[in-house]
Amino acid sequence: MGDAKPKSILRSGYRAPDYRIDTVDLAFDLGETETIVDARLQIRRREGSERVKLPLVLVGEELELLAIGIDGRPLAAREYQIEGDELSIFDPPARFELQTRVRIHPEANLRLSGLYKSSGNFCTQCEAMGFRRITWFLDRPDVMARYTVTIEADAAKYPVLLSNGNRVASETLPGGRHRVRWQDPFPKPSYLFALVAGDLRCHAGDFTTRSGREVRLEIWVEPQNIDRCEHALRSLERAMRWDEEKFGREYDLDVYMIVAVNDFNMGAMENKGLNVFNSKFVLARPESATDDDYEGIETVIAHEYFHNWTGNRVTCRDWFQLTLKEGLTVYRDQRFSEDVRSRAVERIDAVKQLRARQFPEDEGPMAHPIRPESYISMDNFYTATVYEKGAEVIRMMATLVGDEGFRKGMDCYFERHDGQAVTCDDFRAAIADANGRDLDQFERWYRQAGTPRLRARGSYDPSRGRYTLELGQDYPETAFEIAGAAERRPLHLPVAIALLGAGGRALPLRLSSDPAEARSESERVLELRDEKAAFVFEGITEKPIASILRGFSAPVRLEMERGPEELAFLMAHDDDAFNRWDAGEKLALGILVSAVGAPEGFEQGPIVARYAEALGRVLGDEASTARSGRSRSRCPQRRSSPRSSRSSTRTRSMRSASDWAGFSRGPTKRRSGGSIARWPRTAPIATSGAKSIDADCAARSCASSPGPGARRPSRRPTPNITPRTT
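Values in this document were obtained by computation on a predicted structure and should not be read as measured data. Throughout this description, residue numbers start from 1 for each chain and increase along the sequence as written. Local features in this predicted model are restricted to residues whose pLDDT is 70 or higher, and side-chain atom pairs enter the listing and the counts only when it is 80 or higher, whereas totals over whole chains, interfaces and linings include all residues. Only heavy atoms go into the side-chain values, all of them from the structure, while hydrogens and water stay out.

Note on pairing: DSSP must find at least two bridges between two strands before they are called paired. Under the scheme used here, helices are H or I runs from DSSP no shorter than 4 residues and strands are E runs no shorter than 2 residues, and both carry numbers assigned from the N terminus. With antiparallel pairing, three strands are arranged side by side in an open sheet as β4-β8-β7. Two strands lie at the open edges of the sheet, namely β4 (56-59) and β7 (80-83), each paired on one side alone. If you compare each strand with its neighbour and ignore which way they point, the axes differ by 20° on average. As paired strands, β7 and strand β8 (residues 86-89) are joined by four bridges and run antiparallel to one another. The partner of Glu 83 across the bridge, within β8, is Glu 86. Comment: axis = line fitted to C-alpha atoms, over the contacting stretch for helices; angle = value between 0 and 180 degrees taken between N-to-C directions.

This part covers the confidence of the model for the chain. Here the chain averages 86 in pLDDT, and 84% of its residues register 70 or above. Across the chain, each position has a pLDDT score giving the predictor's confidence in that residue, from 0 to 100. Residues are treated as being in contact if the distance between any of their heavy atoms lies within 4.5 Å. Contacts from residues 629-723, a stretch scored under 50 in pLDDT, to residues over four places away or in other chains number 248 contacts.

Before going further, it helps to spend a moment on the sheet that holds strand β31 (residues 557-559). Backbone hydrogen bonds are what pair the strands of a sheet, in a parallel or an antiparallel way. Spatial strand order, β29-β26-β25-β31: four strands in an open sheet with mixed pairing. The sheet is open, and its two edges are formed by β29 (532-537) and β31, each paired on a single side. Each strand of the sheet is rotated relative to its neighbour by a mean of 20°, with strand direction disregarded. Pairing of strand β25 (residues 453-461) with β31 involves three bridges; the strand directions are parallel.

Right, let's talk about the packing of helix α1 (residues 230-247) against helix α5 (residues 384-417) for a bit. Their axes nearest at 10 Å, the elements α1 and α5 cross at an angle of 100°. Between α1 and α5, the interaxial angle falls into the category roughly perpendicular. Contacts between α1 and α5 involve Glu 245, Lys 246 and Phe 247 from the former and Phe 406, Arg 407, Met 410 and Asp 411 from the latter. Among the residues forming the contact of α1 with α5, the class breakdown is three nonpolar, no polar and four charged. In what follows, roughly perpendicular refers to angles from 65 to 115 degrees, roughly parallel to angles under 35, roughly antiparallel to angles over 145, and oblique to any angle outside these ranges. Classes in brief: Ala, Val, Leu, Ile, Met, Phe, Trp, Tyr, Cys and Pro nonpolar; Asp, Glu, Lys and Arg charged; the others, Gly included, polar.

Another point: the environment of Asp 318. By the secondary structure assignment, Asp 318 is in the loop between β22 (315-316) and α3 (322-340). Measuring from C-alpha to C-alpha, the distance between Asp 318 and Pro 141 comes to 5.9 Å, with 177 residues separating the pair along the chain. Discounting residues that sit within four places of it in the chain, Asp 318 has contacts with Tyr 14 and Pro 141. By the criterion applied in these results, polar contacts are pairs of N or O atoms within 3.5 Å in which, for protein atoms, one can donate a hydrogen and the other can accept it, and in which residues neighboring in sequence qualify only through two side-chain atoms. A distance of 3.0 Å separates the side chain of Asp 318 from the backbone nitrogen of Phe 320, its partner in a polar contact.

The next point concerns the packing of aromatic side chains. For Phe, Tyr and Trp, where Trp contributes only its six-membered ring, two rings pair if their centres lie within 6.5 Å, and the inter-plane angle classes them as stacked under 30 degrees, edge-to-face over 60, or tilted in between. One pass over the structure, following the stated rule, counts 27 aromatic pairs. Plain terms: the ring middles of Phe 247 and Phe 406 are 6.3 Å apart, the flat faces sit at 75° to each other, and that makes the pair edge-to-face. Taken together, the residues span a long stretch of sequence, with Phe 247 in helix α1 and Phe 406 in helix α5 at a distance of 159 residues. Of the two residues, Phe 247 and Phe 406, both sit in the buried class. Centroid distance Tyr 413 to Phe 414: 5.6 Å. Interplanar angle 50°. Geometry classified as tilted. The cut-offs for exposure are 20% and 50% of the maximum accessible area for each residue type, with area from a 1.4 Å probe on protein chains only; residues under the lower value are buried, those over the upper are exposed, and the others partly exposed.

Counting buried positions over the eleven residues of strand β12 (residues 144-154) gives nine, a clear majority of the element. Relative to β12, strand β2 (residues 19-30) runs parallel, the two being bridged by seven bridges. The residue bridging Leu 26 from the neighbouring strand is Val 149, located in β12. The sheet contact formed by β12 and strand β15 (residues 177-189) spans ten bridges and is antiparallel. If you follow Asp 154 over to β15, its bridge partner there is Arg 177.

Any Lys or Arg side-chain nitrogen located within 4 Å of an Asp or Glu carboxyl oxygen qualifies as a salt bridge. Throughout the structure, instances matching the rule amount to 78 salt bridges. In this structure, Arg 550 and Glu 523 form a salt bridge, with 3.0 Å as the shortest nitrogen-oxygen distance. Of this pair, Arg 550 sits in the loop between β30 (545-548) and β31 while Glu 523 sits in the loop between β27 (493-500) and β28 (524-528), and the two are 27 residues apart along the sequence. With relative accessibility at 7%, the residue Arg 550 sits in the buried group. Residue Glu 523 is classed as partly exposed on the basis of its relative accessible area of 38%. Through salt bridges that share partners, Arg 371, Asp 425, Arg 428, Asp 440, Glu 443 and Arg 447 make up one connected network.

So, about the pairing of strand β11 (residues 121-125). For β11, a buried count of five out of five residues is recorded, marking the element as mostly surrounded by other parts of the structure. Along β11, one buried face is formed by Asn 121, Cys 123 and Gln 125 and the opposite face, lined by Phe 122 and Thr 124, is buried too. Summarising the sheet, strand β10 (residues 114-118) and β11 pair through five bridges and their orientation is antiparallel. Counted as the bridge partner of Lys 117 is Phe 122 from β11.

Moving on to the nonpolar core. One finds Phe 28, Phe 193, Phe 406, Phe 427 and Phe 537 to be the most contacted residues of the largest nonpolar core, which totals 170 residues. A per-element tally of this core places α5 first, with 15 residues. In this structure, Phe 427 is in contact with Leu 324, Leu 328, Ile 394, Met 397, Phe 406, Met 410 and Tyr 413, ignoring residues within four places of it in sequence. Residue types Ala, Val, Leu, Ile, Met, Phe, Trp, Tyr and Cys, when buried and joined through side-chain atoms within 4.5 Å, form a set referred to as a nonpolar core. In this structure, Ala 498, Leu 570, Met 571 and Ala 583 belong to the second largest nonpolar core, which totals 15 residues.

Before going further, it helps to spend a moment on a nonpolar patch on the surface. A patch is a set of surface residues, each over 30% in relative accessible area and not in a salt bridge, joined within 9 Å for like charges and within 5 Å for the nonpolar side chains Val, Leu, Ile, Met, Phe, Trp and Tyr. Reported accessibility uses the Shrake-Rupley method at a 1.4 Å probe radius. Residues are deemed covered only where the shown protein chains occlude them. Taken together, the side chains of Leu 589, Leu 592 and Val 593 define a hydrophobic patch exposed on the protein surface, amounting to about 300 Å² of accessible area. Tracing the sequence through the fold places Leu 589 in helix α9 (residues 577-597). Residue classification places Leu 589 among the exposed positions, given a relative accessible area of 53%.

The step from Glu 127 to Ala 128 runs through a cis peptide bond, and the omega angle for that step is 5°. Tracing the sequence through the fold places Ala 128 in the loop between β11 and β12. The backbone of Asp 71 sits at a positive phi, close to 55°, despite the residue not being glycine. The phi angle at Leu 112 is positive, at roughly 55°, despite the residue not being glycine.

With respect to the secondary-structure elements, His 307 resides in the loop between α2 (291-306) and β22. The spacing of His 307 and Lys 272 is 35 residues in sequence and 8.6 Å in space, taken between C-alpha atoms.

Summarising the element assignment, Glu 477 is placed in the loop between β26 (466-474) and β27. A residue is classified by how much of its surface remains accessible, and Glu 477, at 83% relative accessible area, is exposed. For Glu 477 and Glu 363, which are 114 residues apart along the polypeptide, the C-alpha to C-alpha distance reads 8.8 Å.

The next subject is the side chain of Asn 166. By secondary structure assignment, the location of Asn 166 is in strand β14 (residues 166-173). Within the structure, Asn 166 has its side chain in polar contact with the backbone nitrogen of Asp 254 (distance 3.0 Å).

Below, the discussion takes up the side chain of Arg 132. Among the structural elements, Arg 132 can be located in the loop between β11 and β12. If we skip the residues at most four places from it in the chain, Arg 132 touches Val 59, Gly 60, Glu 61, Leu 63 and Asp 139.

What follows covers the state of the cysteines. Count a disulfide wherever a pair of cysteine sulfur atoms falls within 2.5 Å. Scanning the entire structure with this criterion turns up zero disulfides. Free of any disulfide, Cys 316 has its nearest cysteine sulfur in Cys 424, 8.5 Å distant.

Between α5 and helix α6 (residues 424-435), the least distance of the axes is 7 Å, while the angle of their chain directions is 105°. In terms of axis orientation, α5 runs roughly perpendicular to α6. Here Ile 394, Met 397, Val 401, Gly 405, Phe 406, Lys 408, Gly 409, Met 410, Cys 412, Tyr 413, Arg 416 and His 417 of α5 come into contact with α6, specifically with Asp 426, Phe 427, Arg 428, Ala 429, Ala 430, Ile 431, Asp 433, Ala 434 and Asn 435. By residue class, the composition of the contact of α5 with α6 is twelve nonpolar, four polar and five charged.

Now the structure itself:
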């Protein structure tokens, strides 16, 4: 038995379920030594299924079945069978209600998957396959149902009872117990189910959507942490407003809740309307949190909120499609951070992380595509490749179609697939169809592992005023064998380029293949689809220096021969902030290496002087930040200024050094333009409409009366290094 080989699950083996679950009604009786779970499932056979005699097979782990029935009739022993982790019901009707009662033991659940108890609180974690530890179910992401949840517990020990959706009823019971009922009107997969019960405190606020709906925002924490929630609340408001403005996505429930507990075993989880976080990614106050802490909290809060549409309303058909929700949501939280802070700094940070973590993963024994073809344990695929490289693949599509085109594609995606469980190919098709683009070759990014190498070589013909850029792509050899390497084919690569003349002036770009009436631009996105291609630019009146892969437009290793003079020129003059930084990094590295053993062309004296000259220009060039995009102060939320209860995403522009002169000395943060801001050690933002309330008040304000029905209109920590954020 111990010699049995683990079984691989194959993407090619996907088969739609023969049965669907339309509604789920769960009742929890939470106890100190056991919990009873009653489930009522409305089930129907899938339309068009010819396997009418196949049994319904549900999965469960560590469940003690106490009762089972169909449509109110108890099942006889011959009508079902439990074998291992599977419950088989023989020859069920085409439509029926299945009732089960099980006993589970959250207090003894050391796997922290499903429903567990820790530090006196009940909590859940169901992604990827934890719901099967709560009740018998079709525990797979393509089974989406509407949930109603009733929770009963001791009122003194567990005054706060939370689940997904809107609170619709609550009552006091004899014997010091109470009961709360929740209803989620939107279909969701079982991995998004959440339940929290305990002695918690609430920091609350209100948000008005662009259509005028009032949404209550609640951050629930352990009592000792109630004074560290304000920044998280404001971060949530900024994310909600940004998603409305950038992607037209409104929040869809009457309440949005975040629960932060000290020993949650993941980083954060996007359960519908009830996110569960480790406290590290929610709590902050100026006396103890760094700028990085504040920024990290804002990013993770935004990431999990953005999942409401990219992951919850539209989810993944199977776990092979994990990057559909995670890569897309990482891209969205990156764009959010770029808009509310510094676009240049955020992009540079993202690429540094990609190169430091994902590139080595792509070149080692754990290399895999962003959409894997097989797995043994799904938990092994919460990786930098799925998350970070997945986000870069989304960014490339956005680069190819432009911001307006990407918004059109996202609108098409939501319109086609709201309430569905879909695939990466469905997303790619929506972007392509909305823009009339052929993205078929782009599918290779989803099935080929490894980091491509982009080779570039430029030549200038002054007699004809032509600059020729030769591009080639391949995969370098690695020390480890990468699965599928022999079948890898050329990718669809967007290569953003500009040609810089004297003083960094961007030259007009016109390809020899352009129509005569085509308008010249100072930046182009070249599309490399073959192993090699040459792009010829006409009308170039001086020898240019090429700025290649601007904004890191593709996740590749760029190889281009550049001497220290070219690097110093790009560092001093390039108006693309990423390439300017990248050139400075390469130049500085060359200087350091030359100090040990000077490579050809890196003589210490002249190049150090050129580096110092270029660095001086960077430090003094305020315009470089403005040209790279809207600049933001690194932590505007730490300044003390009142805000109205209605959220706004308006933030302050980058301030000059003199603007900060009146603030007390605090942690320093260097901004993109080179000036230094000293962040004040002041009280948190004065808040209008936000408040902290104790458990008794929470029970009255959040639990005592039925809420109105819902009205319709996910950083992010490093995978495998810090706790996972889904």
